[in-house]
Amino acid sequence: MCGIVGYIGKKNAISLVVEGLKRLEYRGYDSAGVAIINKSKDLKVYKAEGKIIELEKVIPTNDEIIGNIGIAHTRWATHGQPNKKNSHPHIDNSGKIAIVHNGIIENYRVLKTFLEEKGFSFYSETDTEVLANLISFMESEYHNLEVSVREALIKVEGTFGLAVISSDYPGQIIAARRGSPLILGIGKEEYFIASDVSATIIHTKDVIYLQDNEMVVLTQTGYTIKTLKNEIVEAKIDKVDWDISQMEKGDYKHFMLKEIFEQPTSVGNAFRGRLYDNLSTTRLGGIGMSLSELRKVKKIQIIGCGTSWHAALIGKNIIEQIARIPVEVEYASEYRYRNPIIPEDTIVIVISQSGETADTLAAMREAQARGAKVFGITNVVGSTIARETDGGVYSHAGSEIGVASTKAFTSQITVLGLLAVLLGRMTNMSPIDGMEFIKEIRKIPKKIEKILALNDDIREIAKSMVNSTNALYLGRGVHYPVALEGALKLKEISYIHAEGYPAAEMKHGPLALIDENMPVVAIALNDSIYDKIISNLQEVKARDGQLIIIASEGDKLVKKMAKHVIYIPDTIYALQPILSVIPLQLLAYHVADLKGFNVDQPRNLAKSVTVE
Ligand code: G6P
C-alpha cells in the first residue's frame, strides 16, 4: 500500500528519495510523486500516474532539483482516482507546504468545509490536500511549522503516517504517525523517514519505530521526538537484523519465485531453536504465557486476513486435532464489527505477515479492550502487531516482497504446528507422537527441495491453464484451506477466476460448472480421507473436468484419473500443508508468468493493507 520516504542531510535528496520509493514498489501503488526544497529555497513538486519510471520522466535534470531535503510517496488510491491530480505530495494554497500521507482522515469533509469558509480552495479529491491546508491555516496563526503540524493533527480524526516540508523552513522535515507505520532511519549526518525499513536499509540499519501519536522534527544535525501533547520522547534505537540481499531478486525472474525457492530455509528458520527433544515438545518463548497459564486455555480464536486467514484455518485443524482445544477462525474485518464473544480462558491469536494490516490491528485492539490475552504471529520485526500484543512468535520468513504471500504462509503454518504440539503435549499428545512431529519437521526442508525440483514440470502443466478463465481447487480436511490458498494465488497474480472448495461440497453446486474446459486442481494425499476424496474426484472425471492432482509419491491410482499428477513426499498429517501448497504456489506463478503479467505487483493489490 502507500509508501513514504523522506531525506534530510548533505546529499542530493531527489535521487535518494526516488531510490527509496523503488524499494517500496513491492507494496503496490498506482501513482508516485516527490517534493524537494532546492538550493534557492523553492519548493518543487513532481508527480506522475503509474509507475516510478513515469515519475522519473517528469523530473528535470537541471539545477532546480538540487537540494538536501525531500519527501516522496507512492499512492494506492483510496479517495479519488489514481491520477496525477490526486497523487502525493499535496501542497497547500500558498504553494509553500508539501505533505505526503498514508492513512485516512475520517473527518476530512468537516475540515474541508471549515477551510473553504476561510477561503481555501481544493484541486484534488483527497483528504490529504485538506490536511496540507489545515497546516497552512495553523501556520498563519503560529508561524512555527512544528506547532502548526501538531495543532492540525490534534484536529484530525483517522489515521496517518505523514511527512511535511515547507519552503519557509528549508532545514526541517516534520513527520508523525497514528495508525500508519513510520520509521526514522538514523544515518551519519543524515536522517530518513519511511513507512517501511526497506526504503532506507541500504543507508542505515539504525532505526526508531515511531509509536502512535508521536511526531518527529528532523534537521540536518539531529532529531527530536515528541508526543502530540508536546512531551519529549526518549525513543530506543533498534538495529534492523536483515540484509539488503533480501531486497534483491538475484538470478530469479521475480521475487515471488525467489521466495518460493527460499522455503527450505524459511521453514527451517521458523522451527530452528524451537524443538525441545528432551521432552518431545516445542518451546515458543515469546508467547508471554507460562505453561500453567497455557494449560488453562479452553478456547482459541485466530484472526487474520487473506493468506494469513488461510494459515489460521490450517492452524484450527491442527490444533483441534493435536491439542483438542476448540478453535474459532475469523476474518479480522468481520471480527472487529461483530461484537465478538470472548469467553474466559480464551486466547486470541492474530496472524499477520506484515504486522500492519489495518483490520487485523483493529480486531486485535478490540480483543485487548475486552481484556483478552492476545498474541501475534508476525513476520515483520518491530511491526505494530509485534509491539502491541501481549506476546508473540516471529515466523522468521525473512523479508517478503512479492505481493502474493508464499514463504510467509509456510512459516506461519510451521509456527502453528509448533503451537499445536506445545498445547497438545500438555493435554492430549503422547511423547511418542511429540517426538514423531519433531523428527518429521526436521525433514521438511529437504522434502520442500524435492518439490521445488519439479519446477520445470509444473511450468509445463501451467501451460494447460493459461487460457482458462476459471479454475477449481479442491481439498479436504487440512487441505481445504490449502485449496483456498491455491485458488487465491492463482486469482491474485493470473487474474483467472478461481475458487477453493471442500471436495465433498462439489456435488452441492460447483459440479454444475464442470466440463472439459474446467481445470480442477485437487489435493489427494495418502491419509485417512484419501478414499473419500478420490470418490469426489471421480465425479469430476465423469464430467470431463481436467484434473491436476497433487498426490503422494507412489500413488498409481491417480495417474489413471488425472490429466496431470504432481507427486510430493509423504509426511505426517499436521505437516502436509507445508508441502502440498508449494506446487500450487508454483502453478500460479507459472500461469501468471506465461501470461506475461507483473507477478510481483499484481493490479489493484497491495502487500500491506493499511486501510480498512
Ligand atoms: C494483503 C496481501 C496478502 C496478505 C494480506 C494479509 O492482501 O496482498 O498477501 O495475505 O494482505 O496481510 P498480512 O500482512 O496481515 O498477513
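Up top is the structure.
Throughout this document, residue positions are counted from 1 along each chain, in the order its sequence is written. Local features in a predicted model are, by the rule used here, given only for residues with pLDDT of at least 70; side-chain atom pairs are given and counted only at 80 or more, and totals for whole chains, interfaces and linings are based on all residues. Hydrogens and waters are ignored; side-chain quantities use all the structure's heavy atoms.

**Student:** It is not clear to me how the sheet that holds strand E5 (residues 90–91) should be interpreted in this structure. Could you clarify?
**Tutor:** One open sheet accounts for six strands, arranged E5-E6-E7-E8-E12-E13; its pairing is antiparallel. Of all the strands in the sheet, just E5 and strand E13 (222–227) have a single pairing partner and so form its edges. Bridge count for strand E12 (residues 214–219) against E13 is six bridges, and the pairing is antiparallel. The partner of Leu218 across the bridge, within E13, is Tyr223. The contact criterion used throughout is that any non-hydrogen atoms of two residues lie within 4.5 Å. To obtain an axis, a line is fitted to C-alpha atoms, over the contacting stretch when the element is a helix, and the angle between two such axes runs from 0 to 180 degrees between their N-to-C directions. Here a strand is any run of E in DSSP of at least two residues, a helix any run of H or I of at least four, and the numbering for each starts at the N terminus. Contacting E5, strand E6 (97–102), strand E7 (160–166) and strand E8 (169–178), helix H4 (residues 127–142) crosses the sheet at an angle of about 135° to E6. The pairing criterion for strands is at least two bridges between them, as found by DSSP.

**Student:** What am I meant to see in unusual backbone geometry here?
**Tutor:** Generally, phi is negative for residues other than glycine and the peptide bonds are trans, each holding for most cases. In this model, His88 is joined to Pro89 through a cis peptide bond whose omega is 0°. Inspection of the secondary structure assignment puts Pro89 in the loop between strand E4 (69–75) and E5. The backbone of Arg324 shows a phi angle near 55°, a positive value even though the residue is not glycine. With respect to the helices, strands and loops of the structure, Arg324 is situated in the loop between helix H9 (306–323) and strand E18 (327–331). Relative accessible area decides the class of each residue, using a 1.4 Å probe on protein chains only: under 20% of the type maximum gives buried, over 50% gives exposed, and in between gives partly exposed. Residue classification places Arg324 among the exposed positions, given a relative accessible area of 59%. Notably, His396 is not glycine yet its phi reads approximately 55°, a positive angle. Following the sequence through the fold, His396 ends up in the loop between strand E21 (391–394) and helix H13 (407–424).

**Student:** Would you mind showing me how to read the site of the ligand here?
**Tutor:** Proximity criterion: a residue is near a molecule or strand once any of its heavy atoms comes within 4 Å of it. Every one of the 13 residues lining the ligand counts as a neighbour, but Ser308, Ser352, Gln353, Ser354 and Thr357 are closest to it. One of the backbone N or O atoms of Thr307 is found 3.0 Å from an oxygen atom in the ligand. Per-residue and other accessible areas follow the Shrake-Rupley method at a 1.4 Å probe size, with only the shown protein chains counted as cover for residues. Protein contacts shield 90% of the accessible area of the ligand, which totals 390 Å² for the unbound molecule. Using a grid of 1 Å spacing that covers the protein atoms alone, one calls a set of points a cavity when a 1.4 Å probe fits there but cannot get out, and a pocket when the set is open and has protein on both sides within 12 Å along at least five of seven lines; lining residues are those with an atom within 4 Å of a point. Any molecule with more than half of its atoms within 2 Å of a cavity's or pocket's grid points is counted as sitting in it. Cavity membership is defined here by more than half of the atoms lying within 2 Å of grid points; on that basis the ligand lies in the second largest pocket. For the shell around the ligand, the element with the most residues is H9, which contributes three residues. Note on residue classes: Ala, Val, Leu, Ile, Met, Phe, Trp, Tyr, Cys and Pro are nonpolar, Asp, Glu, Lys and Arg are charged, and everything else, Gly too, is polar. Taken together, the residues of the shell around the ligand sort by class into four nonpolar, eight polar and one charged. Within 3.5 Å is the distance limit for a polar contact, defined as a pair of N or O atoms, with the added protein rule that one can donate a hydrogen and the other accept it, and that residues adjacent in sequence qualify only through two side-chain atoms.

**Student:** Before we go on, may I ask you to explain the packing of H9 against helix H16 (residues 479–494) in this structure?
**Tutor:** Relative placement of two packed helices is described by the angle separating their axes and the distance separating the axes. In the contact formed by H9 and H16, the axes pass within 9 Å of each other and the chain directions differ by 165°. Overall, the two elements H9 and H16 adopt an arrangement that is roughly antiparallel. Crossing hand, H9 versus H16: left-handed. Along the contact surface, H9 presents Gly306, Thr307, Trp309, His310, Leu313 and Ile314, while H16 presents Pro481, Val482, Leu484, Glu485, Leu488 and Lys489. Along the lines of polarity and charge, the residues of the contact of H9 with H16 split into seven nonpolar, three polar and two charged. Any angle from 65 to 115 degrees is called roughly perpendicular, while one under 35 is roughly parallel, one over 145 is roughly antiparallel, and all others are oblique. Left-handed describes a crossing whose near helix is turned anticlockwise from the far helix through less than a right angle; right-handed describes the clockwise counterpart.

**Student:** It is not clear to me how the sheet that holds strand E20 (residues 373–378) should be interpreted in this structure. Could you clarify?
**Tutor:** Hydrogen bonds between backbone atoms are what pair the strands of a sheet, whose relative direction is either parallel or antiparallel. The sheet built from five strands is open, its strands ordered E18-E17-E19-E20-E21 with parallel pairing. Edge positions in the sheet fall to E18 and E21, since each has one partner strand and no second. Neighbouring strand axes in the sheet, compared pairwise and without regard to direction, differ in orientation by 20° on average. Relative to strand E19 (residues 346–352), strand E17 (residues 299–304) runs parallel, the two sharing five bridges. Bridge pairing links Ile300 to Ile347 in E19. Relative to the sheet, helix H11 (residues 358–369) contacts E17, E19 and E20, its axis offset from that of E19 by approximately 165°. Against the sheet, H13 engages E17, E19, E20 and E21, with an angle of about 160° to E19.

**Student:** How should the pairing of strand E3 (residues 43–49) be read in this particular structure?
**Tutor:** On a regular strand, one side chain projects to one face of the sheet and the next to the other, so that they alternate. Inspection of the sheet shows strand E2 (residues 31–37) paired to E3 by seven bridges, in the antiparallel sense. Across the sheet, the residue bridging to Ala32 is Ala48, located in E3.

**Student:** Looking at this structure, how should I read the pattern of salt bridges?
**Tutor:** Pairing is possible between side chains of opposite charge, provided their charged atoms come close. Here a salt bridge means any side-chain nitrogen of Lys or Arg lying within 4 Å of a carboxyl oxygen belonging to Asp or Glu. By the definition in use, this model includes 33 salt bridges. Between Asp168 and Lys96 there is a salt bridge, with its nearest N and O atoms 3.4 Å apart. Note that Asp168 is positioned in the loop between E7 and E8 and Lys96 in the loop between E5 and E6, a separation of 72 residues in sequence. Looking at Lys96, the relative accessible area reads 34%, which means it is partly exposed. Among the salt bridges present, the one from Arg442 reaches Asp277, with a minimum N-O distance of 2.8 Å. Of the two residues, Arg442 is situated in helix H14 (residues 431–452) and Asp277 in the loop between strand E15 (275–276) and strand E16 (281–282); the sequence distance between them amounts to 165 residues. Since its relative accessible area comes to 32%, Asp277 is described here as partly exposed.

**Student:** Would you explain helix H19 (residues 576–594) in this entry?
**Tutor:** For an α-helix, the turn length of 3.6 residues means that residues three or four places apart are oriented alike. Each helix should span, by expectation, one fewer than its residue count multiplied by 1.5 Å. With 19 residues, H19 should reach 27 Å at 1.5 Å per residue; the first-to-last C-alpha distance of 28 Å fits that figure. By the criterion of burial, H19 is predominantly enclosed, with 18 of the 19 residues buried. In the segment just after H19, Gly596 is the residue with positive phi, at about 80°.

**Student:** How should I be thinking about the state of the cysteines in this particular structure?
**Tutor:** Cysteine pairs can be linked by a disulfide, which is a covalent bond between their two sulfur atoms. In plain terms, two cysteine sulfur atoms within 2.5 Å form what is called a disulfide here. Following the criterion strictly, the structure yields zero disulfides and no others. Residue Cys2 stays outside any disulfide, its sulfur separated by 17 Å from that of Cys305, the closest cysteine.

**Student:** How should I be thinking about the layout of surface pockets in this particular structure?
**Tutor:** Where empty space is left becomes clear once a probe the size of a water molecule has been rolled over the atoms. Counted as a void, the largest pocket has a volume near 860 Å³. Around the largest pocket, the lining is made up of 42 residues, and of these Val197, Trp242, Asn379, Val380 and Val381 lie nearest the centre. Its residues assigned to classes, the lining of the largest pocket comprises 13 nonpolar, 16 polar and 13 charged. Grid points are joined across faces, edges and corners, and a volume is the space filled by probe spheres set on the points. The space that makes up the second largest pocket amounts to roughly 650 Å³.

**Student:** Got a minute to help me understand the environment of Val599 in this structure?
**Tutor:** Looking at where Val599 falls in the secondary structure, it is placed in the segment after H19. In this structure Val599 comes out as buried when scored by relative accessible area, which is 0%. Note: C-alpha distance between Val599 and Leu257 (342 residues apart in sequence) is 9.1 Å.

**Student:** Would you mind going over the packing of H9 against H13 with me for this structure?
**Tutor:** As a packed pair, H9 and H13 sit with axes 9 Å apart at the nearest point and diverge in direction by 25°. Put simply, H9 runs roughly parallel to H13. Judged by the twist between their axes, the crossing of H9 over H13 is right-handed. Where H9 abuts H13, its residues Thr307, Ser308, His310, Ala311, Ala312, Ile314, Gly315, Ile318, Ile319, Ile322 and Ala323 lie against Phe409, Gln412, Ile413, Leu416, Leu419, Ala420, Val421, Leu423 and Gly424. Here the residues of the contact of H9 with H13 sort into 14 nonpolar, six polar and no charged.

**Student:** I would appreciate a short explanation of the side chain of Gln263 in the present structure.
**Tutor:** Mapping Gln263 onto the fold places it in helix H7 (residues 263–271). Residue classification places Gln263 among the buried residues on the basis of a relative accessible area of 0%. A polar atom in the side chain of Gln263 sits 2.9 Å from the backbone oxygen of Ile260.

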